[in-house]
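# Structural characterization, general
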Amino acid sequence: MSFVLLAPVGLTALAALVLPIAIHLVRRIERKTTPFAALRWIPERVRPRRRLRFERPWLLLLRLALLALLALLLARPILTAPAAALRNVVVVAPGSDPGAARSAVSSPGADWRWLAPGFPPIESSSPAIGVPVASLLREIDADLPPDAKLAVVVPETVAGLDGERPALSHAIDWHVVPGRMPAVPSVAPPVPQTLAVRYAPSREPSLKYLRAALGALAEDNASRITLDAKPQDVAPGDAARVLVWIGSDLPASVRAWIDAGGTAIVDDQPHANGAPVWRDAAGNVLARAEPLGRGRIVSLAAALTPATMPELLDADFPKRLLDLIEVPPVPPNEAPASALRPLERAAAAAQPALSASSKPVDPWIALAIAVLVLLERVIATREREPA
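Small disclaimer: the values here were computed from a predicted structure and weren't measured. (Residues numbered from 1 in each chain as written. Predicted model: local features only at pLDDT ≥ 70, side-chain atom pairs only at ≥ 80, totals over all residues. Heavy atoms only, no water.)

Right, let's talk about the overall build of the protein chain for a bit. The secondary structure content of the protein chain amounts to eight helices and 17 strands. Looking at the protein chain as a whole, 34% of its 387 residues qualify as buried. For the protein chain, long-range pairs separated by at least 24 residues make up 70% of all intrachain contacts whose partners lie at least 6 apart in sequence. Carbon together with sulfur atoms contributes 60% to the accessible area of the protein chain, which is approximately 23,300 Å² in total. (Helix = DSSP H or I, 4+ residues; strand = E, 2+ residues; numbered from the N terminus. Buried < 20%, exposed > 50% of the residue type's maximum accessible area, 1.4 Å probe, protein only. Contact = heavy atoms within 4.5 Å. Areas by Shrake-Rupley, 256 points an atom, 1.4 Å probe, with all protein chains shown as cover.)

Turning next to helix H2 (residues 57-74). Taking 1.5 Å of rise per residue, the 18 residues of H2 would be expected to cover 26 Å, and the 26 Å separating its terminal C-alpha atoms lies within 8% of that figure. What H2 keeps buried is the set Leu59, Leu60, Leu62, Leu64, Leu66, Leu69 and Ala71. Arg76 sits one or two positions beyond H2 and adopts a positive phi of about 55°. (Expected span 1.5 Å × (residues − 1).)

Moving on: the nonpolar core. By size, the foremost hydrophobic cluster in this structure holds 28 residues, and its most contacted members are Leu195, Val244, Ile265, Trp278, Leu300, Leu304 and Ile325. Elements with a minimum of two residues in this core: strand E8 (194-199), helix H5 (207-220), strand E10 (242-246), strand E13 (285-292), strand E14 (295-300) and helix H7 (317-325). Counting residues in each nonpolar core, the second largest holds 24 residues, with Ala93, Val133, Leu136 and Val154 among its members. (Core = buried A, V, L, I, M, F, W, Y, C linked by side-chain atoms within 4.5 Å.)

Enumeration according to the criterion identifies one aromatic pair in this entry. When the ring centre of Trp112 is taken as origin, the NZ or CZ atom of Arg102, which lies over that ring, is 4.5 Å away. (Phe/Tyr/Trp six-rings, centres within 6.5 Å; stacked < 30°, edge-to-face > 60°. Lys NZ or Arg CZ within 6 Å of the ring centre and 35° of its normal.)

On to the confidence of the model for the protein chain. The predicted model of the protein chain has a mean per-residue pLDDT of 78, with 77% of residues at 70 or higher. Low pLDDT (under 50) marks residues 347-354, which in the prediction has ten contacts with non-local residues, meaning those over four places away or in another chain. (pLDDT = per-residue confidence, 0-100.)

Under the defined criterion, the tally for this structure stands at nine salt bridges. Between Lys319 and Asp323 there is a salt bridge; the shortest N-O distance is 2.8 Å. Linking Lys319 with Asp323, this pair stays in helix H7, spanning four residues, or about one helical turn. What makes Lys319 partly exposed here is its relative accessible area of 46%. If you follow the salt bridges from partner to partner, you end up with Arg63, Glu376 and Arg377 in one network. (Salt bridge = Lys/Arg side-chain N within 4 Å of Asp/Glu carboxyl O.)

Counting buried positions over the five residues of strand E3 (residues 88-92) gives four, a clear majority of the element. Alignment of E3 against strand E5 (residues 149-159), held across five bridges, turns out to be parallel. Counterpart to Val91 in the pairing with E5 is Val152. With four bridges joining them, E3 and strand E4 (residues 111-114) adopt parallel strand pairing. In the sheet register, Val89 faces E4, and the bridge partner there is Asp111. For the segment spanning E3, helix H3 (residues 98-104) and E4, crossover handedness is right-handed. (Pairing = 2+ DSSP bridges. Right-handed = clockwise from strand over helix to strand, strands pointing away.)

This is how it looks when you write it as structure tokens:
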């Protein structure tokens, strides 16, 4: 195990060690002068020289140790396991032929592993589908020492991507062999068949605009969306996946329903947070969406009335409503290997990576600080005896 400081600049706090030393030099124990008659007949001889003396040295040492531990805690120390065994590594993505991989890579004495969670040896069976290739590349790049050599063998089509091209600190020896990674297909969720609407009694006139929009959608789409409109005291039910809430703030029961995976469209929320998902021709935000648990809330900036939201009368309002109630499709997670070659970035020498083999020692330092604070208070509050 080696000792590494993630924030060495925290050691500058060691300059505070001069404070307790200065305090112990300045503050002396108060001594009372007691007259003694016999001393008046003793002539004054050479005045004794003053020598540097610390009052209560054990208390001073405790305070110095306390400040030193605080500075060490600011430096964020960790213990890292030695990685000398991994100096020349070849990782093979699932879907690649191991024989073709060994023919493509000439690396004597290399450690061959699958590009899979845990990086199992190549002699084991090929991993199952759904391997997060991009995140695994970043993980092994962070775990390897700076002077290690890393070769990556991938099939012609790579899956398990996360929408961002990996940027690694090591120079990658990238090899593409025939094959295709097995991937979980990305399927867009179906359009909800029922649109639940819960409204305040004074807002019932807004329902006619929703009925008109759903009627227009039924003419353009093969599937028809049914409107389930009831007062707000009626729960949306477990079968409903999309809810339009008109006229008041969301109660706790509806928020729990959204947290379980539902989508709610709430009107008259001009100060809502979230990402804009609908703007008018002038660029003003008409709707914002934000996640809540496993579901999401779509907040309309105005009430569902033509007076406050003229867009209700536009011809494209049914399409806008459909965009709001549809669950966003899962983005594609595969791409050609020729376009996936990782970017090379400069290694962060001043900030070592905190890999899975690293162990933070902050809890132990914090415990030692707590013990020293307790001891310092006990000693400092004891009655001082003059020397």
